[in-house]
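Each chain, letter by letter, is given below.
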Amino acid sequence: MAQYFWQETANDRVRIGLTEGAQEAFGKIKFAKLPAVGETVTVGNAFLSVEAEKAVLDLDAPLSGQVVAVNEAANATPALLDDPERKNNWIAEIKA
């Protein structure tokens, strides 16, 4: 499911968000459970839970590492994950 995520690397952090293709496939996001800061994520294990118009699913982490930041605005308002702007639709930053 890595095709659902975009990644941007800066220093030793990777910022992850939903691609436009994922946004189209899922429809409007109504609920999202983001990982917690300090959590260790592993490729192939659940990373993000999403309830949307067209799908309810758990998405696996596209990389392994420790969560060092989470988009708290998207945690409070999951519809931000539908935003086309990466500055708004990011999920978390991982220190790989």
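Looking at an unreviewed UniProt entry, one finds the protein named Glycine cleavage system protein H, with Lacticaseibacillus yichunensis as its source organism. In UniProt, the protein has this text filed under Sequence similarities (unreviewed entry): "Belongs to the GcvH family."

Chemist: How would you explain the sheet that holds strand 5 (residues 46-52) if you had to name every residue and give the values?
Modeler: Sheet strands line up and pair through hydrogen bonds in the backbone, either parallel or antiparallel. With antiparallel pairing, the 3 strands of this open sheet are ordered in space as 3-5-6. In the strand order of this sheet, the two ends are held by strand 3 (29-33) and strand 6 (56-60), each with one partner. Each strand axis lies, on average, 20° off the axis of its neighbour in the sheet, ignoring direction. With 4 bridges connecting them, strand 3 and strand 5 associate as antiparallel partners. Looking at strand 5, one finds that A32 is bridged to V50.

Chemist: Could you give an account of the pattern of salt bridges, naming the residues involved and the relevant values?
Modeler: Applying the stated rule across the entire model yields 4 salt bridges. One salt bridge in this structure joins R86 and E8, with 3.1 Å as the shortest N-O distance. You can see R86 sitting in helix 3 (residues 86-89) and its partner E8 sitting in strand 1 (residues 5-10), a full 78 residues away along the chain. A residue is classified by how much of its surface remains accessible, and E8, at 37% relative accessible area, is partly exposed. With a closest N to O distance of 3.5 Å, K95 and D12 form a salt bridge. Of this pair, K95 sits in strand 8 (residues 90-95) while D12 sits in the loop between strand 1 and strand 2 (13-18), placing them 83 residues apart in sequence. With relative accessibility at 39%, the residue D12 sits in the partly exposed group. Each member of the salt-bridge network shares a partner with another, and the members are R13, R15 and E93.

Thresholds, definitions, all that
Residues numbered from 1 in each chain as written. Predicted model: local features only at pLDDT ≥ 70, side-chain atom pairs only at ≥ 80, totals over all residues. Heavy atoms only, no water. UniProt positions renumbered as here; feature names shortened; annotations may be inferred. Pairing = 2+ DSSP bridges. Helix = DSSP H or I, 4+ residues; strand = E, 2+ residues; numbered from the N terminus. Axes fitted to C-alpha atoms, helices over the stretch in contact; angles between N-to-C directions. Salt bridge = Lys/Arg side-chain N within 4 Å of Asp/Glu carboxyl O. Buried < 20%, exposed > 50% of the residue type's maximum accessible area, 1.4 Å probe, protein only.

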